[in-house]
Amino acid sequence: MTLNQIVFWILRRMRAPLLMLIVSYAIAMIGFVLIPGVNDRGQAYHLNFFDAFYILSYTATTIGFGELPYPFTTPQRLWMTFSIYVTVISWFYAIGAIIGLFQEGALKQAFKTAIFQRDVKNLMEPFYLICGYGETGGELVRALDRNELRVVVLERSPERVNELELTNYQFHIPHLCADAKLSEVLLYAGIKNPMCRGVAALTDDDHANLAISVAVKLIKPGLPVLARVQDDVIAANMASFGTDRIINPYHIFGEHLAMRLNALGTYLLHEWLTRAPGDAIETPAAIPQGHWIACGFGRFGKSVVKSLQNEAMHVTIIEADPAGTQCEQCIIGSGVESHILKQAGIEQAVGIVAGTDNDINNLSIVMTALELNPNLFVIIRKNKRHNEPLFQHFDADITMQPSDVIAHTCLSYMVSPMLAEFLATARHQGNAWANAVIAQLVSKLGEQVPDTWDITIADDMAVAVCGLMQQGLGPALKHLLMNPAGQQRHEMPVVPLMLLRAGEKMLLPDLATPLEMGDKILFCGLDQAKSIQRYLLHDLKTLHYLVTGNEMPESWIGRWLKQ
């Protein structure tokens, strides 16, 4: 609803109070004009309409200003008394109607929707639409905000919207309390806006995420869509409509667990590049080989068991509902009972997986298991973020929270479109290669998670580089890593991870590689270096100095003399 529509709606709802005010004023004014008064010479006179309206204006509003221009006669005072009661009652009725109108939820929502549409329309920077501000959406919004990416949020829960409003972000986040499944709400949120770079459907309802994905692909087919899903049937439906990235947190965790089992360096590189900038990454402990116990054979338990069994580990499953989870070989129980754990062989086990959908049960399972075998390697599932203090106190070896897995996966696609491609390619390079990359990153950038970004060598995105190419100068990759500040040109804390040229991928490209039109380069580094590089891409004079070592003349006379 636009502001013009809101004004029309208000006037329509205020029709009766306004008509009552107009009629009461009209009757009172006509009476004052018709009833004669007496002037200071004892002659009869009549008020004109302006004088009558003036007297009514300060009387009906209870201001009070006296009898003008001459003292009233008894008939005039009687009419004034009548007019006061009629107009004041009309004002009370109108004011009550106005107060009631502005307390209506529909009008409040209409105002918020209009302001939201205006804020989205005024966004002049690329932004992502996040549908769902729960644990997953909130984590992703925080990470994107720290990466200086603009965000628009749709959330149907008023409590979560209030939480967003109370959170301190560096950018203003346009948000609306509405159901993102509705196509008109998605249009309000700017999916047709040319600045919209993608949509993330992250609600806790698979059917809602499916509806969002389908609506976006039908309205704007080229817009990237990332959707959270847990049901395989709905995932297949999403794929049939062209959803770009279907995210199942349990499948992803299983893949990461397998990566950690047989390629710890690759796993660490993945974590290093997908977390929020500034986070600290600790070297994870190695997962022991041997007998494992898995409590819970739902979606999470199946993914973990599959990953462990693929590494030739023996896994005993404890499940309370074997029929519901299609568990053919398992011990019936919840895992909180010590005799069930003993039956599963807890004394000889090297690790335990607490993977039920109840956080308290998972903590109880692990505490009971550690009393029987203190040397267990613990993998525990955390379902709700508000239980974070309990899990921090417990300090398991691996804590899996679906919202974190989904947020990190989305972040790898949103922060840099090339980052996800680089990570997929890195998985096939081997563990030794990943360890060498990590060592290079640590030596240049430190031990905190760096920022990642990509650039494209094109006329509108790298003006200075293209300008030097037209002059016959050959800028190389190393020139984009130089800091022009100070007397000595020095290399900035930046590492080029991948160069994409004509469909060919070059991992960790050589710094002497000359740049060509259409090159796409993925960098990681500190935020300050990212800002300096953006400046270099658009400042011809500075980049000319870095490439040639000579100052470029600014005047046409200087350029003519140089030629």
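See above for the structure.
Residues numbered from 1 in each chain as written. Predicted model: local features only at pLDDT ≥ 70, side-chain atom pairs only at ≥ 80, totals over all residues. Heavy atoms only, no water.

### A short note on the side chain of Lys382
Next up, step 1: With respect to the helices and strands, the residue Lys382 is situated in the loop between β13 (377-381) and α17 (388-394).
Next up, step 2: Here Lys382 falls in the buried class, since its relative accessible area comes to 5%.
Next up, step 3: Here the side chain of Lys382 touches Gln401 through a polar contact of 3.0 Å, side chain to side chain.
Next up, step 4: Ignoring sequence-local partners within four residues, the contact set of Lys382 consists of Asp359, Glu388, Phe391, Thr399, Met400, Gln401 and Pro402. (Helix = DSSP H or I, 4+ residues; strand = E, 2+ residues; numbered from the N terminus. Buried < 20%, exposed > 50% of the residue type's maximum accessible area, 1.4 Å probe, protein only. Polar contact = N/O pair within 3.5 Å; in protein donor to acceptor, adjacent residues only side chain to side chain. Contact = heavy atoms within 4.5 Å.)

### A few points about helix α10 (residues 232-240)
Next up, step 1: All of the buried residues in α10 are Ile234, Ala235 and Met238. Within α10, the buried residues cover an arc of 105° as seen down the axis, which keeps them to one side. Opposite the buried face of α10, at more than 90 degrees from it, the exposed residues are Asp232, Val233 and Ser240.
Next up, step 2: If you check the start of α10, you find a side-chain oxygen 2.9 Å away from the backbone N of Val233, and it comes from Asp231. (Arc of directions from axis to C-beta.)

### With respect to the side chain of Ser213
Next up, step 1: Within the secondary structure, Ser213 is located in helix α9 (residues 206-219).
Next up, step 2: When its relative accessible area of 0% is taken as the criterion, Ser213 is described as buried.
Next up, step 3: Side-chain polar atoms of Ser213 contact the backbone oxygen of Asn209, separated by 2.8 Å.
Next up, step 4: The residues touching Ser213, leaving out its near neighbours within four places in the chain, are Ala201, Val225, Ala227, Met238 and Thr243.

### Structural notes on the sheet that holds strand β12 (residues 351-354)
Next up, step 1: What the six strands build is an open sheet, ordered β11-β10-β9-β12-β13-β14; its pairing is parallel. Every other strand in the sheet has two partners, leaving β11 (331-332) and β14 (398-400) as the edge strands with one partner each.
Next up, step 2: Summarising the sheet, β12 and β13 pair through four bridges and their orientation is parallel. When the bridges of β13 are listed, Ile352 appears paired with Val378.
Next up, step 3: Against the sheet, helix α11 (residues 249-262) makes contact with β13 and β14, and its axis sits at roughly 160° relative to β14, the strand it touches most.
Next up, step 4: The sheet contacts of helix α16 (residues 359-372) involve β9 (291-295), β12 and β13, and relative to β13 the element is tilted by about 170°. (Pairing = 2+ DSSP bridges. Axes fitted to C-alpha atoms, helices over the stretch in contact; angles between N-to-C directions.)

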